[in-house]
Amino acid sequence: MNQTIQELAAPGVQALRPYAPGKPLAELEREYGVANAVKLASNENPLGPSPKVLEALQAQFQDLARYPDGNGFGLKAALAHRLGVAAQTITLGNGSNDVLELVARAFLTPGRSAVFSAHAFAVYPIVTQAIGARANVAAAHDGSRGPKFAHDLDAMLAAIDADTRVVFIANPNNPTGTWLTERELRGFVERVPGEVIVVIDEAYFEYVNQPDYPDTMQWVAAFPNLLVTRTFSKAYGLASLRVGYGVSQAALADMLNRVRQPFNVNSFALAAAQAALQDEAHLAAGVRANRQGMQQLVDGLRALRLDFITSVGNFLAVDVGREAGQVYEQLLRQGVIVRPVENYGMPGYLRISVGLEHENRRALEALGQVLSA
Ligand SMILES: *Cc1c(COP(=O)(O)O)cnc(C)c1O
């Protein structure tokens, strides 16, 4: 064998840089010997899931030896009821990342391209490159015509070429927290050629409280090429279980279903998500807590005279005015895990997830100390 294993891999995989997750708490405590660390690095829900979820999980233990319902009948029915759509328009995923990957596998090939914005969610380039398709990365706003780092929909339209089959949009985007209005986004969807699948990734949908934030579920019936994705990982507090979904017309869902693993969502995740949907009070409490925590972070960052990008999610990108990787390391030593985002083309920024009151305070204090040292 005169080729290395790497050279034997598919072309897209050879140059692929895997997703860099937030550092787990246990790893920090092991490596740095700090106790009581706080993790504000993965946009997780600090309140955790509804107590109803825990009950539903207990009940699932009886069926541990059985395969899950590969069609997710119960969860799809509950979602269909909640969203006002038909069950056959729903595609369930092992997290919404799974749905994003299904799109790439069903619609991209090495000769085709996907369009997404600079500074957009890291999974879009990964799933595109893994297939060996081309990424047409549109420049983001530079601050002159829209919020700096936000998706520039005109630039994204211009990046669509004859080979483009998928456009990924995050609304709001992670790690920037920037968002698109109903008018802007609807105009964009109307102008995208019908042979391009438009994916609107709404992982933070439940947190957004802007009057002109779009209700894209209403658009699905009009656009055969539209897919809206959401997740139970963020506002519903189920990140560990991996469950998300896409909504599209049934013909598009049929294509995604062809490349889906038969049992991609396990029975605990199915039961938990269904129970989570029933507890609207818990969801509302989490959204309220996020609003208060966001205000606490905003006030604290202003007091530290730090710039940040206004965010409608459960996280905030902060301009630390120097190489953020070093600040990240120093925060780790203080037992505070945040996320450096140089892999998003934002080397001077740290992304901080909104936590509980004492966690936010801890992060702000540590940041103040590190930056004044
Ligand atoms: C967190 C996140 C997701 C989803 O993650 P899953 O846990 O796989 O559902 C999707 N898109 C964006 C922009 C995210 O930040």
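In what follows, the structure referred to is the one given above.
Here's what I pulled together on the structure shown here.

Rules and cut-offs
- Residues numbered from 1 in each chain as written.
- Predicted model: local features only at pLDDT ≥ 70, side-chain atom pairs only at ≥ 80, totals over all residues.
- Heavy atoms only, no water.
- 1 Å grid on protein atoms, 1.4 Å probe; cavity = no way out; pocket = protein on both sides within 12 Å on 5 of 7 lines; lining within 4 Å.
- Points joined across faces, edges and corners; volume = space filled by probe spheres on them.
- Axes fitted to C-alpha atoms, helices over the stretch in contact; angles between N-to-C directions.
- Helix = DSSP H or I, 4+ residues; strand = E, 2+ residues; numbered from the N terminus.
- Parallel < 35°, antiparallel > 145°, perpendicular 65-115°, else oblique.
- Left-handed = near helix turned anticlockwise from the far one by under 90°.
- Contact = heavy atoms within 4.5 Å.
- Nonpolar A, V, L, I, M, F, W, Y, C, P; charged D, E, K, R; others polar.
- Expected span 1.5 Å × (residues − 1).
- Buried < 20%, exposed > 50% of the residue type's maximum accessible area, 1.4 Å probe, protein only.
- Near = heavy atom within 4 Å.
- Polar contact = N/O pair within 3.5 Å; in protein donor to acceptor, adjacent residues only side chain to side chain.
- Areas by Shrake-Rupley, 256 points an atom, 1.4 Å probe, with all protein chains shown as cover.
- Lys, Arg positive; Asp, Glu negative; His and termini not counted.
- Salt bridge = Lys/Arg side-chain N within 4 Å of Asp/Glu carboxyl O.
- Pairing = 2+ DSSP bridges.
- Patch = residues over 30% accessible without salt bridge, like charges linked within 9 Å, V, L, I, M, F, W, Y side chains within 5 Å.
- Charge placed at Lys NZ, Arg CZ, Asp CG, Glu CD.

Description of empty space enclosed by the protein
Applying the stated criterion to the full structure yields 1 cavity of 30 Å³ or more. A volume near 50 Å³ is recorded for the largest cavity. Together, Asn45, Pro46, Leu47, Tyr207, Gly286, Ala289, Asn290 and Val354 line the largest cavity.

Some thoughts on the packing of helix H5 (residues 73–83) against helix H11 (residues 267–278)
H11 packs onto H5 with a crossing angle of 25° between their chain directions and a minimal axis gap of 9 Å. In terms of axis orientation, H5 runs roughly parallel to H11. Between H5 and H11 lies a crossing whose hand is left-handed. Residue-level contacts link Gly74, Leu75, Ala78, Leu79 and Arg82 of H5 to Leu270, Ala273, Gln274, Leu277 and Gln278 of H11. When its residues are assigned to classes, the contact of H5 with H11 shows 6 nonpolar, 3 polar and 1 charged.

A look at helix H14 (residues 357–372)
Over its 16 residues, H14 extends 23 Å from the first C-alpha to the last, a length consistent with the 22 Å expected when each residue adds 1.5 Å. Of the residues making up H14, those classed as buried are Glu359, Asn360, Ala363, Leu364, Ala366, Leu367, Gly368, Val370 and Leu371. Considering only its buried residues, H14 is in contact with strand S1 (38–39), helix H12 (280–303), helix H13 (324–333), strand S11 (336–337) and strand S13 (349–353).

Thoughts on the environment of Val189
On the secondary structure map, Val189 appears in helix H9 (residues 182–191). Classification of Val189 by relative accessible area gives buried; the value is 2%. Spatially, the C-alpha atom of Val189 lies 42 Å from that of Arg362, the residues being 173 residues apart in sequence.

Observations regarding helix H6 (residues 96–107)
Over its 12 residues, H6 extends 17 Å from the first C-alpha to the last, a length consistent with the 16 Å expected when each residue adds 1.5 Å. Within H6 the residues assigned to the buried category are Ser96, Asp98, Val99, Leu100, Leu102, Val103, Ala104 and Phe107.

A few points about the site of the ligand
Lining the immediate surroundings of the ligand are Gly95, Ser96, Asn97, Phe121, Asn174, Asp201, Ala203, Tyr204, Thr231, Ser233, Lys234 and Arg242. Between the ligand and Asn174, the relevant distance is 2.7 Å, taken from an oxygen atom to a side-chain nitrogen or oxygen of the residue. Between the ligand and the protein, one listed contact pairs an oxygen atom with a side-chain N or O atom of Tyr204 at 2.6 Å. Protein contact buries 94% of the 390 Å² of open area that the ligand shows by itself.

Points about the side chain of Arg260
You can see Arg260 is positioned in the loop between helix H10 (250–259) and H11. At 7.2 Å, Asp98 is the nearest oppositely charged side chain to Arg260, a buried residue that forms no salt bridge. A polar contact of 3.4 Å, which involves the side chain of Arg260, links it to the backbone oxygen of Pro262. A polar contact is formed between the side chain of Arg260 and the side chain of Asn264, at a distance of 2.9 Å. Each residue touching Arg260, except ones within four places of it in the same chain, is listed here: Gly70, Asn71, Leu92 and Leu102.

Digging into the pattern of salt bridges
Going through the model one piece at a time under the given rule, you end up with 14 salt bridges. For Glu329, the salt bridge identified is with Arg333, shortest N-O distance 3.8 Å. On the criterion of helical spacing, the pair formed by Glu329 and Arg333 is a turn pair, its members being 4 residues apart in helix H13. Owing to a relative accessible area of 31%, Glu329 belongs among the partly exposed residues under this scheme. Among the charged side chains, a salt-bridge network with shared partners connects Arg145, Asp152, Asp154 and Arg191.

Topic: the layout of surface pockets
For the largest pocket, the calculated volume is near 570 Å³. Contributing elements (two or more residues each) for the lining of the largest pocket: strand S3 (113–117), helix H7 (123–131), strand S4 (134–138) and strand S12 (339–340). In terms of residue count, the dominant contributor to the lining of the largest pocket is H7 (3 residues). When grouped by side-chain class, the residues that make up the lining of the largest pocket number 19 nonpolar, 5 polar and 4 charged. Of the volumes computed, that of the second largest pocket is approximately 470 Å³. Lining the second largest pocket are 26 residues, and of these Tyr19, Ser42, Asn97, Phe121 and Lys234 sit closest to its centre. Considered class by class, the residues forming the lining of the second largest pocket number 9 nonpolar, 10 polar and 7 charged.

Some thoughts on the sheet that holds S12
Strand order in the open sheet formed by 4 strands is S9-S10-S13-S12, with antiparallel pairing between adjacent strands. With one partner strand each, in any of the chains shown, strand S9 (307–308) and S12 form the two edges of the open sheet. One ladder, built from 2 bridges, connects S9 with strand S10 (residues 315–319); its direction is antiparallel. Considered in S10, the bridge of Asp307 is made with Asp319. Packed on one face of the sheet, H12 meets S9, S10 and S13 and runs near 10° to S10.

Section: a negative patch on the surface
On the surface, Glu182, Glu184, Asp212 and Asp215 cluster together to form a negatively charged patch. In this fold, Asp215 is placed in the loop between strand S6 (197–201) and strand S7 (226–231). Overall, the relative accessible area of 37% leaves Asp215 in the partly exposed class.

Fair warning: the whole summary comes from geometry, so function is off the table for now.
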